[in-house]
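One letter stands for each residue in the lines below.
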Amino acid sequence: MVASLHHHTRAALLLAGVASLGLAWRRRASHQPLLPRAAQLCVWWLRQRLLRLWLVTHDLCPLESVRLVGGVDISFVKESTTDACAALVVVDPATQEVVYEACRRIVLTAPYIPGYLAFREVRFLLQLVEELRSTRPELMPQVILSDGNGILHPNHFGVACHLGVLAGIPTVGVGKTLHHVDGLSKESVRRLSESLIKAGDHALLVGQSGTVWGAVLRTTSPAEGNFKPVIISVGHGISLNSAISLVWRTCKHRIPEPVRQADLRSREWLRRNGSQCSA
DNA sequence: GCGACAG
DNA sequence: ATCTTGTCGC
């Protein structure tokens, strides 16, 4: 009886999603260009809502049982927005040593659209995780740090959540800049940063709605001068407090070691292997 | 209409 | 993400 706006909205979105799926099918079959941008975004939006049903935002396993931490990143060939190298590294937080490394040449197909980063990158990250799971299961990390955000996202489902849910492994979103959401802005980060006195200090990112989206963490000491905090949010299967604690534990530099090493090594790989094609 | 907008 | 010069400091 009381058909809320919510229900109408959901029904409309569902219809739009189904409609665009049908459209995608026809175009694909007839070698037409891709789905219209608006329709594609709608499909992706729905996919985020669906996958979110599997999202877990508390600890699936105690922090004390984390023995290995993974990190993923993608680096691009100079002039290109499609040719890149995806990397997955595993670090032993006790020694900060890299115990596993895998780089893979990739060709991205989807464009970068704020809010939909996962649809551009996550399939390649998943391949690397599955490869590790099947070839060196003993080196599977208990948590993976991902560049880009987790629930700090307009649809509460950033690339870190996406990777975590699809790979079935806890993840943490580690961002270098803020994704503006719920009134949070550069100014919010600047204000919160004033309360971060020493390395290891953090402050919660609370939006206008009162939602806790994540936290800013100072990872460099006052002696190093000006600083930009790292932005942390829950990816999957881990609580915010555990995520902050874990990231801080792996911070030898501003960027936590697993992500930093994935970044360094994917770039190094591109340098060594030229920018030529070598699937 | 204009600017903002993870990587 | 990537394009870039210099610069401050260990």
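Residues numbered from 1 in each chain as written. Chains lettered and ligands numbered in written order. Predicted model: local features only at pLDDT ≥ 70, side-chain atom pairs only at ≥ 80, totals over all residues. Heavy atoms only, no water.

1. Focus on the environment of Gly 168
Phase 1 of the analysis: Relative to the helices and strands, Gly 168 is located in the loop between α4 (159-167) and β5 (171-175).
Phase 2 of the analysis: Its relative accessible area of 57% is what places Gly 168 among the exposed residues.
Phase 3 of the analysis: For the pair formed by Gly 168 and Lys 186, sequence separation is 18 residues and the distance between their alpha carbons is 33 Å. (Helix = DSSP H or I, 4+ residues; strand = E, 2+ residues; numbered from the N terminus. Buried < 20%, exposed > 50% of the residue type's maximum accessible area, 1.4 Å probe, protein only.)

2. Examining the domain arrangement of chain A
Phase 1 of the analysis: Domain boundaries in chain A define domain 1 (1-54) and domain 2 (57-272).
Phase 2 of the analysis: Between domain 1 and domain 2, the residue contacts involve ten residues of the former and 14 residues of the latter.
Phase 3 of the analysis: In total, about 1200 Å² of surface goes out of reach between domain 1 and domain 2, with carbon and sulfur atoms giving 67% of it.
Phase 4 of the analysis: Among the residues domain 1 hides against domain 2, the three largest losses belong to Trp 44, Gln 48 and Leu 51. Together they make up 54% of the total.
Phase 5 of the analysis: Counting across the domain 1 and domain 2 interface gives zero salt bridges.
Phase 6 of the analysis: Across the domain 1-domain 2 interface, the total number found is six residue pairs in polar contact (both at pLDDT 80 or more). (Domains from an automatic or database assignment. Contact = heavy atoms within 4.5 Å. Buried area = accessible area lost by both parts, 1.4 Å probe. Salt bridge = Lys/Arg side-chain N within 4 Å of Asp/Glu carboxyl O. Polar contact = N/O pair within 3.5 Å; in protein donor to acceptor, adjacent residues only side chain to side chain.)

3. Digging into the protein's contact with DNA strand B
Phase 1 of the analysis: Near DNA strand B there are 18 residues, and of these Gly 115, Asp 147, Lys 176, Thr 177 and His 180 occur at the shortest range.
Phase 2 of the analysis: A distance of 3.3 Å separates a base nitrogen of DNA strand B from a polar atom in the backbone of Tyr 116.
Phase 3 of the analysis: Take Leu 117: an N or O atom from its main chain is 3.2 Å from a base nitrogen of DNA strand B.
Phase 4 of the analysis: Class assignment of the residues belonging to the surface near DNA strand B gives a composition of six nonpolar, nine polar and three charged. (Near = heavy atom within 4 Å. Nonpolar A, V, L, I, M, F, W, Y, C, P; charged D, E, K, R; others polar.)

4. Describing the side chain of Glu 121
Phase 1 of the analysis: Within the fold, Glu 121 resides in helix α3 (residues 118-135).
Phase 2 of the analysis: Here Glu 121 is buried and forms no salt bridge, its nearest opposite-charge partner Arg 120 lying at an N-O distance of 5.1 Å.
Phase 3 of the analysis: The residues contacting Glu 121, other than those within four sequence positions of it, are Ile 74, Leu 108 and Asp 147. (Lys, Arg positive; Asp, Glu negative; His and termini not counted.)

5. Re the packing of aromatic side chains
Phase 1 of the analysis: By the definition in use, this model includes three aromatic pairs.
Phase 2 of the analysis: With 5.9 Å between their ring centres and 35° between their planes, Trp 44 and Tyr 116 make a pair best called tilted. On the criterion of sequence distance, the pair formed by Trp 44 in helix α2 (residues 37-51) and Tyr 116 in the loop between β3 (97-107) and α3 is long-range, its members being 72 residues apart.
Phase 3 of the analysis: Overall, the relative accessible area of 11% leaves Trp 44 in the buried class.
Phase 4 of the analysis: Given a relative accessible area of 12%, Tyr 116 falls into the buried group.
Phase 5 of the analysis: On the numbers, 4.8 Å between centres and 5° between planes, the contact of Trp 44 with Phe 119 is stacked. On the criterion of sequence distance, the pair formed by Trp 44 in helix α2 and Phe 119 in helix α3 is long-range, its members being 75 residues apart. Accessibility classification places Trp 44 together with Phe 119 in one group, the buried group.
Phase 6 of the analysis: Within the aromatic cluster, the residues linked to one another by ring pairs are Trp 44, Tyr 116 and Phe 119.
Phase 7 of the analysis: Just above the ring of Phe 227 sits the side chain of Arg 218; from NZ or CZ to the centre is 3.7 Å. (Phe/Tyr/Trp six-rings, centres within 6.5 Å; stacked < 30°, edge-to-face > 60°. Lys NZ or Arg CZ within 6 Å of the ring centre and 35° of its normal.)

6. Some remarks on the protein's contact with DNA strand C
Phase 1 of the analysis: The environment of DNA strand C is made up of Ser 75, Phe 76, Lys 78, Lys 176 and Arg 267.
Phase 2 of the analysis: Each atom of DNA strand C within 4 Å of the protein was classed as base or backbone; sugar and phosphate made up 100%.
Phase 3 of the analysis: Between DNA strand C and the protein, one listed contact pairs a phosphate oxygen with a backbone N or O atom of Phe 76 at 3.3 Å.
Phase 4 of the analysis: Contact between DNA strand C and Lys 176: a phosphate oxygen at 2.8 Å from a side-chain N or O atom of the residue.
Phase 5 of the analysis: Residue composition of the surface near DNA strand C, grouped by class: one nonpolar, one polar and three charged.

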